[in-house]
Amino acid sequence: MRPKSIVTAEQFYLGGTALLLVSSLMVWRPLVDAYGAGLAGGVTAFTVGAFLLLILFTTRRGSRIARGLLIALTGLGAISLLYQIGTGQVALGPLGVVNVVQVVLTVIGAVLLFRPTARAFFAWPHDDWEEDRVVTEKEL
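Residues numbered from 1 in each chain as written. Predicted model: local features only at pLDDT ≥ 70, side-chain atom pairs only at ≥ 80, totals over all residues. Heavy atoms only, no water.

Engineer: I'd like to hear about a nonpolar patch on the surface, residue by residue, with values.
Structural biologist: On the surface, Tyr35, Leu39 and Val43 cluster together into a nonpolar patch covering about 320 Å² of accessible area. Inspection of the secondary structure puts Leu39 in helix α3 (residues 37–59). (Patch = residues over 30% accessible without salt bridge, like charges linked within 9 Å, V, L, I, M, F, W, Y side chains within 5 Å. Areas by Shrake-Rupley, 256 points an atom, 1.4 Å probe, with all protein chains shown as cover. Salt bridge = Lys/Arg side-chain N within 4 Å of Asp/Glu carboxyl O. Helix = DSSP H or I, 4+ residues; strand = E, 2+ residues; numbered from the N terminus.)

What follows is the structure, encoded as C-alpha cells:
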C-alpha cells in the first residue's frame, strides 16, 4: 500500500516528464540541425528514460537514493528556470509555458515526497507494502 502522497507525487512527476518530452519535441528541429538526429534522439531518450526510472524506483520501490537523485534533478531544473527568468533568456510563447509548467509539476511532486506519510513509506521495508492499496495518513 502506497500512501496517497506517493501516488500523487508519481502522477505529478509523470506529468512533468510527459511535458519534458513535449518540450523536446517542440525544439526538435533546432536540436537536429545543431547536433544531428542521433545525438538529439539519444539525449532526449536518455533524459526521459532516466527520469522515468528514478520516478519508478522512488515511488514504487521506495528507494531513498533514487529519491535523492530525483530531488537533485528537480532542484537543478528549478534553478535553471529561475536563472533563465532572471537573465531574460526564458523561452516565450508555448515553449516557455510548457517549460514553466513542467518545472512546477516536478517541484510539487518533490514536495509531496517529504510529507509525513511519504517519510513513513521510505522508512518501511517495501516487501510489506501492497501495491494495489493506497493508505491514508490516518491509517499510519
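Engineer: Report on the layout of surface pockets, specifying residues and quantitative values.
Structural biologist: Any empty space left between the atoms is revealed when a probe the size of a water molecule rolls over them. A volume near 630 Å³ is recorded for the largest pocket. Lining the largest pocket are 27 residues, with Leu20, Ser23, Thr47, Asn99 and Gln102 positioned closest to its centre. It is α3 that provides the largest number of residues to the lining of the largest pocket, a total of eight residues. Each residue belonging to the lining of the largest pocket can be placed in one class, and the counts come to 16 nonpolar, 11 polar and no charged. (1 Å grid on protein atoms, 1.4 Å probe; cavity = no way out; pocket = protein on both sides within 12 Å on 5 of 7 lines; lining within 4 Å. Points joined across faces, edges and corners; volume = space filled by probe spheres on them. Nonpolar A, V, L, I, M, F, W, Y, C, P; charged D, E, K, R; others polar.)

Engineer: Kindly report on helix α4 (residues 64–87), identifying the contributing residues and their values.
Structural biologist: Structural remark: α-helix, 3.6 residues per turn; residues separated by three or four positions point the same way. Across its 24 residues, α4 extends 34 Å between first and last C-alpha, which sits within 8% of the 34 Å expected from 1.5 Å per residue. For α4, the complete set of buried residues consists of Ala66, Arg67, Leu70, Thr74, Ala78 and Leu81. Contacts made by the buried residues of α4 are with α1 (4–26), α3, α5 (94–112) and α6 (116–123). One side-chain oxygen of the residue at the start of α4 lies 3.4 Å from the amide nitrogen of Ile65, identifying that residue as Ser63. In the segment just after α4, Gly88 is the residue with positive phi, at about 75°. (Expected span 1.5 Å × (residues − 1). Buried < 20%, exposed > 50% of the residue type's maximum accessible area, 1.4 Å probe, protein only. Contact = heavy atoms within 4.5 Å. Polar contact = N/O pair within 3.5 Å; in protein donor to acceptor, adjacent residues only side chain to side chain.)

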